Amino acid sequence: MEAVHHGVRGRGAHCVTCADLTALEEHIGDCRRCPLWEARTRVVFGVGDPHARLLFIGEAPGRNEDRKGEPFVGAAGRLLDELLTSIDIDRSQVYIANVLKCRPPGNRNPQLAEIGTCTPFLAEQVRLIDPVVIVTLGNFATKHILGTDEGITQLRGRFHIVGGRQVLPIFHPAAALYSPDKRQYLFADFALLRDTLDGVAQLARVSATALPAGAAGRLPFEIEGSL
Ligand code: SF4
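What counts and what doesn't
Residues numbered from 1 in each chain as written. Predicted model: local features only at pLDDT ≥ 70, side-chain atom pairs only at ≥ 80, totals over all residues. Buried ≥ 20, exposed ≤ 12 C-beta atoms within 10 Å, placed from the backbone. Helix = DSSP H or I, 4+ residues; strand = E, 2+ residues; numbered from the N terminus. Pairing = 2+ DSSP bridges. Near = placed C-beta within 6 Å. Core = buried A, V, L, I, M, F, W, Y, C linked by C-beta atoms within 7 Å. Contact = placed C-beta atoms within 7 Å. Axes fitted to C-alpha atoms, helices over the stretch in contact; angles between N-to-C directions. Parallel < 35°, antiparallel > 145°, perpendicular 65-115°, else oblique. Nonpolar A, V, L, I, M, F, W, Y, C, P; charged D, E, K, R; others polar.

**Some points on the pairing of strand β5 (residues 133-137)**
So, step 1. In terms of residue burial, β5 counts as a mostly covered element, since five of its five residues are buried.
So, step 2. The side-chain alternation of β5 yields two buried faces, one formed by V133, V135 and L137 and the other by I134 and T136.
So, step 3. Direction of pairing for strand β3 (residues 54-58) relative to β5: parallel, over a ladder of four bridges. Looking across to β5, one finds that I57 is bridged to T136.
So, step 4. Pairing of β5 with strand β7 (residues 165-170) involves five bridges; the strand directions are parallel. Note on β7: the bridge partner recorded for L137 is I170.

Have a look at this one:
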């Protein structure tokens, strides 16, 4: 059963509207809007298909991501690739981003002010990419997107609705590196993801003529709230 969530934490006071992801990345630039710029190597904007049906959202860049400038590289990234392969999807077909674009020093938890300053960039990425499904990776991203204090263990395994979008929380792939028992849940959640994408594609084919222009491929419901 789907749960409906109305809140998204950390929406900043300033909004950003850009023509496309390239313009947004240029707008962010060599960002120094919050203190995280001081210890980072580079801004990790995000990577992938700018019109992907699937958007993965993690917490923040780790050490490897900070060095390379790309989200989900290293061992956790390889597991993410393996999970995608298990449902016949290539990394190039999805988009991967983080709530925060810069690495917190020592991978400490992000602070509220940092989240509030950076998340308008994520909100704009979501608007521009306009994915069918958002997958939140791990506790932090899930709590932020769903606006809840419930833990990932309670929230994973089912879809939630935020701002009219389908959101599937999953364990962070890095957690499965340390707790191998979590791997089975990750693969099960990706199978659920595959079924949902197939269902949406079928619905779009059947309903394309009945849906308003531009709505094909999206689920035909509207929920209050925005992301
Ligand atoms: S975390 Fe976000 S707001 Fe802070 S410096 Fe990096 S890009 Fe700018």
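**With respect to the site of the ligand**
So, step 1. Not every one of the 14 residues close to the ligand is listed here, only the nearest: C31, C34, K101, C102 and C118.
So, step 2. The element best represented in the shell around the ligand is helix α4 (residues 112-129), accounting for three residues.

**Points about the nonpolar core**
So, step 1. Ranked by internal contacts, the top residues of the largest apolar core, which has 45 residues, are L55, F56, I57, V99 and V135.
So, step 2. The dominant element in this core, judged by the number of residues it contributes, is α4, at six residues.
So, step 3. Excluding its chain neighbours within four sequence positions, the residues that come into contact with I57 are A97, N98, V99, I134, T136, L137, A141 and I145.

**A closer look at unusual backbone geometry**
So, step 1. If you check the backbone angles, F72 has positive phi at about 55 degrees while not being a glycine.
So, step 2. Tracing the sequence through the fold places F72 in the loop between α2 (63-68) and α3 (74-86).
So, step 3. The exposure class of F72 is buried, given the 26 C-beta atoms found within 10 Å.
So, step 4. One non-glycine residue, N107, lies in the positive phi region at around 60 degrees.
So, step 5. For N107, the position within the fold is in the loop between β4 (95-98) and α4.

**Some thoughts on the packing of helix α1 (residues 21-28) against α4**
So, step 1. α4 packs onto α1 with a crossing angle of 170 degrees between their chain directions and a minimal axis gap of 10 Å. Taken together, the axis directions place α1 and α4 in an arrangement best described as roughly antiparallel. Note on element contacts: α4 touches α1 through F121, E124, Q125 and L128, opposite L21, L24 and I28.
So, step 2. Considering only residue class, the contact of α1 with α4 consists of five nonpolar, one polar and one charged.

**Concerning the environment of A188**
So, step 1. Structurally, the position occupied by A188 is in helix α8 (residues 182-207).
So, step 2. A188 gets classed as partly exposed once you count the C-beta atoms within 10 Å, which come to 13.
So, step 3. Once the C-alpha coordinates of A188 and I170 are considered, the two residues, 18 residues apart in sequence, prove to be 9.8 Å apart.

**Digging into the pairing of β4**
So, step 1. Alternating positions in β4 separate into two faces, Y95 and A97 on one and I96 and N98 on the other, with burial throughout.
So, step 2. Judged from the two bridges that link them, strand β2 (residues 47-48) and β4 form a sheet pairing that is antiparallel. Counterpart to G48 in the pairing with β4 is Y95.
So, step 3. Here β3 pairs with β4 via four bridges, running parallel.

**Section: the environment of A19**
So, step 1. Inspection of the secondary structure puts A19 in the loop between β1 (3-5) and α1.
So, step 2. Counting along the chain gives 109 residues from A19 to L128, while the straight-line C-alpha distance between them is 8.0 Å.

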